[in-house]
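Take a look at the letters that make up each chain.
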Amino acid sequence: MNTNLKLGVDVVGAHNLLPKDGQGSSSAFVELYFDGQKYRTTVKEKDLDPVWDESFYFNISDPGILPNLTLDAFVYNNVKGTHSRSFLGKVSIAGTSFVPYSDAVVLHYPLEKRGIFSRVRGELGLKVYITDDPTIKSSDPVVSMARNSQTHPESVQEPVKKSETRHTFHHLPHPTQAPANAAVPAAPPPMMRYGYEQIKPNPPPQPPKLVRMYSESSNQPVDYALKETSPYLGGGRVVGGRVIRTDKASSTYDLVEKMHFLFVRVVKARDLPAMDITGSLDPYVEVRIGNYKGVTRHVEKNQNPMWNIVFAFSRERMQANVLEVVVKDKDLVKDDFVGFVRFDLNEVPLRVPPDSPLAPQWYRLEDKKGERIKSELMLAVWIGTQADEAFPDAWHSDAATPVDSSGAASVLIRSKVYQAPRLWYVRVNVIEAQDLVPTDKTRFPDTYVKAHIGSQVMKTKSVQARSLNPLWNEDLLFVAAEPFEDHLILTVEDRVGPGKDEILGRVIIPLNMVEKRADDRMIHSRWFNLEKPVVVDVDQLKKDKFSMRIHLRICLDGGYHVLDESTHYSSDLRPTAKQLWKPTIGVLELGILNAVGLHPMKTRDGRGTSDTYCVAKYGHKWVRTRTIVDNLCPKYNEQYTWEVFDTATVLTVGVFDNSQLGDKGSNSKDLKIGKVRIRISTLEAGRVYTHSYPLLVLHPAGVKKMGEVHLAIRFSCTNFVNMLYTYSRPLLPKMHYVRPFSVMQLDMLRHQAVHIVAARLGRAEPPLRKEVVEYMSDVDSHLWSMRRSKANFFRLMTIFAPLFAVSKWFGDICMWRNPITTVLVHVLFIMLVCFPELILPTVFLYMFLIGIWNFRYRPRYPPHMNTKISQAEGVHPDELDEEFDTFPTSRNPDLVRMRYDRLRSVAGRIQTVVGDIATQGERMQSLLSWRDPRATAIFVTLCLVAAIVLYVTPFQAIAALIGIFMMRHPRFRHRLPSVPVNFFRRLPARTDSML
């Protein structure tokens, strides 16, 4: 056991403390408590933003119990006159968050309250780490002050100052300032593991980066909290949501870090020499720079081949100053050398959009001796950024293994923008059929209509008519996507016997011929002829060709929004018909910067690694970044833009591991790493949000952090009046309220829509796989989960918590817990009774003042997934196993029986509560129903007396008497229930009629 372990705490400073000295300031100091040890900083007089820059070291007695220990930091205001102190806030850090010194950074923790009625504000900057340096001695402990101690805080021994200067905003160390004994940088520097980009040598020295920890609950683990960053992006340094511009003009890609690439466009070649016996060759081009190379496809038997492919090599990963473009001949044994072209990188031009694209030129090839040959290669070589129009379709060096890579696999790793298909609801009203011809002439057919579009199948109810003209008049609903590829096929079938159906006729209707509508106007019905699917007798075919027909009313409903995602996380609420679309209200910009600390999803060469890419979804537009191969801290730096039509929408960003690059091929599913949801209405217009989001995923073993993704987001409002007007409009299009669907229909249609979108996007190149689309669309959010049910119950209890608090407060008033407060409430009540016109103005003024007061403490960051609210921290393993079970279940019968019994017990309690609520309502109805004649007679008599009394007595007097009676002193109360409660409980209910 290492007995030299110590917990180091650097108290950097505090920010925006609450003034407590009556003069608009505070004299703050910090007390630290850990494992029975206590240290204290010096007092900073009259400073709401004090800077201490003091270090303390605690002895760790037993490293085995370190995760169970807690570091508490209390901030106090020193009161000189009375030698006392007042509370300013506290911070509690769990032992599971302690990291080695090399991984530690300064974090600014929001100060927490000590009690319900305490007021705090501000942040405390701490750097907490574990060290085993034997040269470091533990700090001198501070003697604990007794309750009546006269020890002055300034008399405490001053801790040793650090040699470097510290500020409230911490200076992160530069990567080049690593210690001499540092390991080879196989793992990223500390700043990379916490979600920050390395400062490149090209830009000038930048101001320090700011780290702030945000957690919606004090019980939320710090490691799961949101982290605000201030990276240096293309438009300048981002500080507090504002961009501090540099001297250089900002580019359109101002939400990502500018990255330089060497672009090589290989267009074509001509006059290549014959290399084979047949007098031809199979040429391909190999582009090499240092340890990286890109290879084009080979063109069979062509001396003038065409490729037109672009390669992009990251400048920061280049290990050479010479670019070689080699032409080779593909051979079975060994590829033959044809010629090459060499470029000096110092002479390659720099191109920045909106400059025109660099025109390709012809270059003479050289042989191995350096002599020029007749053959020529058309190339274009330039240095650009990710703003270059060639960037999305280029083959990237950081998306392939360093030594060798094939251009054929580049289609699976390049970035792509997808457009989801426009979805329509297909409404088929099956009215009737005429002149059906059953096979068995001795019986009337038991008929129904089966309709299907693609894999969607719907049936009407069976009709046993006493004629050959059955009537259904039923609506069948489907989802179809443009362009319409599947036809609507309807078959009229006769149920001959159990499990045996016979097709009487069929009709095929192309969806392109179906009428479209954008409102609820009536669509004209049509008669369609039914044809038998198989007819052997030609004479019978001619005779029965027009004998059977079906009456239908079919339309494409464009007035609805086709829900293809969870209704709680909808990214688009517009109807299908474009003529109903409202003008845009803003623009949403997303910069996907990087991911850090990713969990290895596969093994390669005996080590854990990941091949990751990001997917962002908003509206009809899906985007996919390039795949960064073999990197647990990938840098993407890709920026995308969407039009915003409604602020009540959600942007979803997911991180996935590409499983299509290995030996398993396309049969393997891409693995989910995590996702982030950002609601547009929570973003301030014009503010740049740069945060590192933890990727939290629920596994069968519990919640797990899979890494962090660093995003930059900005919502820009283009029409402020239209944006405010959206708050008065219905959330969904008009047709959802004029002709609403049932809950069952919406669930079924949403499942069909997700299936269609996944199928269409899976046919793109590169494909967006089905598991990715389903995970981004929350396709399983409607399935039963005990954990989610508990979370929703506690959410409901949180909503009613203020009502419970008011009820408890009023109970204390009625019991005279605090006589002064009770008297004041009596006075206020009498005033409101005497002046009832002041009640509503008082209520609205109170809400206005509360809103203005809360404006100071408004959230400065988007909401993020919370493990405490989700009930994901202490969930039982069996409940998680049930949540991850398939539908239908695949578990053994004994386990399913146990879960069924558990669900029955829970449902039994819910049944009891619902029955009690119904009983109270039935007792209210029985007051005047004469079910109990004596009780109804008493109640009717009391109503008559009350009417006479209220008629002759002023309402204010009655209200005052009732209020004073309810708030009477406990001396005039009895422990037994009151007379009205006893009377109400004796009323009958319908429980006697229940079986």
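Owing to the predicted nature of the structure, the values given are computational and were not obtained by experimental measurement.

Points about the overall build of the chain
Thought 1: Assigned secondary structure in the chain consists of 14 helices and 44 strands.
Thought 2: Residue pairs at least 24 apart in sequence account for 69% of intrachain contacts in the chain once pairs closer than 6 positions are excluded.
Thought 3: Carbon and sulfur atoms provide 58% of the accessible area of the chain, an area that totals close to 53,400 Å².

As for the packing of helix H8 (residues 819–834) against helix H13 (residues 955–966)
Thought 1: Direction vectors running N to C along H8 and H13 enclose 160 degrees, while the axes themselves pass 9 Å from each other. It follows from the interaxial angle that H8 and H13 lie roughly antiparallel. H13 is crossed by H8, and the crossing has right-handed handedness. Taken together, the residues of H13 that come into contact with H8 (itself represented by Phe829, Ile830 and Val833) are Gln956, Ala959, Ala960, Gly963 and Ile964.
Thought 2: A breakdown of the residues in the contact of H8 with H13 according to their chemical character gives six nonpolar, two polar and no charged.

Notes on empty space enclosed by the protein
Thought 1: Across all of its chains, the model carries four cavities of 30 Å³ or more by this definition.
Thought 2: Estimated volume of the largest cavity: approximately 170 Å³.
Thought 3: Lining the largest cavity we find 19 residues, and of these Leu423, His561, Val562, Asp572 and His620 sit closest to its centre.
Thought 4: For the lining of the largest cavity, a count of residues per class yields eight nonpolar, five polar and six charged.

Here's the deal with the sheet that holds strand E41 (residues 650–657)
Thought 1: If you trace the five strands from one edge of the open sheet to the other, you get E24-E39-E38-E41-E42, paired in antiparallel fashion. Each end of this open sheet is capped by a strand with a single partner; those strands are strand E24 (416–419) and strand E42 (671–679). Direction aside, the axes of adjacent strands within the sheet are offset by 15 degrees on average.

Section: helix H5 (residues 743–761)
Residues lying three or four places apart along an α-helix face the same way, a consequence of the helix completing one turn every 3.6 residues.
Thought 1: Its 19 residues give H5 an end-to-end C-alpha distance of 27 Å, which sits within 8% of 27 Å, the value for a rise of 1.5 Å per residue.
Thought 2: For H5, every residue scored as buried is listed here: Leu749, Arg750, Gln752, Ala753, Val754, Ile756, Val757, Ala758, Arg760 and Leu761.
Thought 3: Buried residues in H5 make contact with E24, strand E25 (423–434), strand E27 (456–459), strand E29 (471–481), strand E39 (621–624) and helix H6 (770–776).

What about a nonpolar patch on the surface?
Thought 1: A cluster of nonpolar side chains, contributed by Phe793, Phe794, Leu796, Met797, Ile799, Phe800, Leu803 and Phe804, occupies part of the molecular surface with about 800 Å² of accessible area.
Thought 2: Among the secondary structure elements, Leu796 is positioned in helix H7 (residues 786–814).

Side note on the side chain of Glu589
Thought 1: Examined against the element boundaries, Glu589 turns out to sit in strand E35 (residues 586–596).
Thought 2: For Glu589, a relative accessible area of 13% corresponds to the buried category.
Thought 3: Dropping the residues within four chain positions of it, Glu589 is found in contact with Asp254, Leu255, Gln639, Tyr640, Thr641, Ala712, Ile713, Arg714 and Ser716.

Here we look at the packing of aromatic side chains
Thought 1: For the coordinates displayed, the defined rule picks out 26 aromatic pairs.
Thought 2: Ring geometry for Tyr39 versus Phe56: centroids 6.0 Å apart, planes at 10 degrees, classification stacked. Highlighted residues: Tyr39 in strand E3 (residues 37–40) and Phe56 in strand E4 (residues 51–59), separated in sequence by 17 residues.
Thought 3: Accessibility expressed as a relative area gives 2% for Tyr39, which makes it buried.
Thought 4: For Phe56, a relative accessible area of 3% corresponds to the buried category.
Thought 5: Residues Phe313 and Trp395 carry aromatic rings whose centres are separated by 6.0 Å and whose planes lie at 65 degrees to one another, so their mutual orientation is edge-to-face.

Some details on the UniProt feature "transmembrane region" (unreviewed entry) in the chain
Thought 1: The positions that UniProt labels "transmembrane region" (unreviewed entry) are, in the present scheme, residues 793–811, 823–853 and 937–965.
Thought 2: When the span residues 793–811 is considered, its composition is 100% helix and 0% strand, and the gap between its end C-alpha atoms is 25 Å.

Brief notes about the nonpolar core
The nonpolar side chains of a soluble globular protein tend to be buried with one another.
Thought 1: In terms of nonpolar packing, the biggest core is built from 62 residues, with Leu588, Leu590, Trp622, Trp642, Leu711 and Ile713 touching the most fellow members.
Thought 2: Of all the elements, H5 adds the most residues to this core, at six residues.
Thought 3: For this core, the domains that each give at least three residues are domain 3 (422–536 + 546–557) and domain 4 (578–777).
Thought 4: If sequence neighbours within four positions are ignored, Trp642 has contacts with Gly586, Val587, Leu588, Leu590, Ala616, Tyr618, Lys621, Val623 and Leu651.

Observations regarding the pattern of salt bridges
Thought 1: Following the criterion strictly, the structure yields 59 salt bridges and no others.
Thought 2: Among the ionic pairs, Arg769 bridges to Glu771, the shortest N-O distance being 2.7 Å. The exposure classification of Arg769 matches that of Glu771, with both residues buried.
Thought 3: The residue Arg897 makes a salt bridge to Asp894 at a minimum N-O spacing of 2.9 Å. On the criterion of helical spacing, the pair formed by Arg897 and Asp894 is a turn pair, its members being three residues apart in helix H11 (residues 893–925).
Thought 4: When its relative accessible area of 48% is taken as the criterion, Arg897 is described as partly exposed.

Considerations on unusual backbone geometry
Thought 1: Following Glu765, the chain continues into Pro766 via a peptide bond in cis, with omega recorded as 5 degrees.
Thought 2: By the element assignment, Pro766 lies in the loop between H5 and H6.
Thought 3: Omega for the bond connecting Phe887 with Pro888 falls within 30 degrees of zero, at 0 degrees, which places this linkage in the cis form.
Thought 4: Along the chain, Pro888 falls in the loop between helix H10 (877–883) and H11.
Thought 5: Even without glycine at this site, His83 takes up a positive phi of about 55 degrees.
Thought 6: For His83, the location among the structural elements is in the loop between strand E5 (70–79) and strand E6 (84–94).
Thought 7: The class for His83 is partly exposed, based on a relative accessible area of 39%.

A few points about the sheet that holds E5
Within a sheet, neighbouring strands are paired by backbone hydrogen bonds and run either parallel or antiparallel to one another.
Thought 1: Across the sheet, which stays open at both edges, the four strands sit in the order E3-E2-E5-E6 with antiparallel pairing between neighbours. In the strand order of this sheet, the two ends are held by E3 and E6, each with one partner. Within the sheet, the average angular offset between the axes of one strand and its neighbour, ignoring direction, is 20 degrees.
Thought 2: Sheet topology places strand E2 (residues 28–34) next to E5; six bridges connect them, and they run antiparallel. Residue pairing for E5: Ala28 is matched across the bridge by Asn77.

A short note on a positive patch on the surface
Thought 1: A contiguous patch of positive charge on the surface is contributed by Lys20, Arg114, Arg119 and Arg856.
Thought 2: With respect to the element layout, Arg119 can be found in the loop between strand E8 (107–110) and strand E9 (123–131).

Here's the deal with H8
Thought 1: Given a rise of 1.5 Å per residue, 16 residues ought to cover 22 Å, and the 23 Å separating the end C-alpha atoms of H8 matches this to within 8%.
Thought 2: The set of residues buried in H8 consists of Thr822, Val825, His826 and Val833. Take H8 and look down its axis: the buried residues cluster within an arc of 105 degrees, on one side only. Exposed side of H8, more than 90 degrees from the buried face: Ile820 and Leu824 are the residues found there.
Thought 3: For H8, the secondary structure elements touched by its buried residues are H7 and H13.

Quick notes on the pairing of E25
Thought 1: Across the twelve residues of E25, ten count as buried, placing the element largely inside the fold.
Thought 2: One ladder, built from nine bridges, connects E25 with E29; its direction is antiparallel. Residue pairing in the sheet places Val428 in a bridge with Leu476 of E29.
Thought 3: For E25 and strand E34 (residues 549–557), the ladder comprises nine bridges, and the chain directions are antiparallel. Looking across to E34, one finds that Arg427 is bridged to Cys555.

What to know about the environment of His864
Thought 1: The residue His864 is located in the loop between helix H9 (839–855) and H10 in this model.
Thought 2: Considering only alpha carbons, one finds His864 and Ala225, 639 residues apart in sequence, at a separation of 8.2 Å.
Thought 3: For His864, the side chain forms a polar contact with the main-chain oxygen of Pro694, separated by 3.0 Å.

Analysis parameters
Residues numbered from 1 in each chain as written. Predicted model: local features only at pLDDT ≥ 70, side-chain atom pairs only at ≥ 80, totals over all residues. Heavy atoms only, no water. Helix = DSSP H or I, 4+ residues; strand = E, 2+ residues; numbered from the N terminus. Contact = heavy atoms within 4.5 Å. Areas by Shrake-Rupley, 256 points an atom, 1.4 Å probe, with all protein chains shown as cover. Axes fitted to C-alpha atoms, helices over the stretch in contact; angles between N-to-C directions. Parallel < 35°, antiparallel > 145°, perpendicular 65-115°, else oblique. Left-handed = near helix turned anticlockwise from the far one by under 90°. Nonpolar A, V, L, I, M, F, W, Y, C, P; charged D, E, K, R; others polar. 1 Å grid on protein atoms, 1.4 Å probe; cavity = no way out; pocket = protein on both sides within 12 Å on 5 of 7 lines; lining within 4 Å. Points joined across faces, edges and corners; volume = space filled by probe spheres on them. Pairing = 2+ DSSP bridges. Expected span 1.5 Å × (residues − 1). Buried < 20%, exposed > 50% of the residue type's maximum accessible area, 1.4 Å probe, protein only. Patch = residues over 30% accessible without salt bridge, like charges linked within 9 Å, V, L, I, M, F, W, Y side chains within 5 Å. Salt bridge = Lys/Arg side-chain N within 4 Å of Asp/Glu carboxyl O. Phe/Tyr/Trp six-rings, centres within 6.5 Å; stacked < 30°, edge-to-face > 60°. UniProt positions renumbered as here; feature names shortened; annotations may be inferred. Core = buried A, V, L, I, M, F, W, Y, C linked by side-chain atoms within 4.5 Å. Domains from an automatic or database assignment. Lys, Arg positive; Asp, Glu negative; His and termini not counted. Charge placed at Lys NZ, Arg CZ, Asp CG, Glu CD. Arc of directions from axis to C-beta. Polar contact = N/O pair within 3.5 Å; in protein donor to acceptor, adjacent residues only side chain to side chain.

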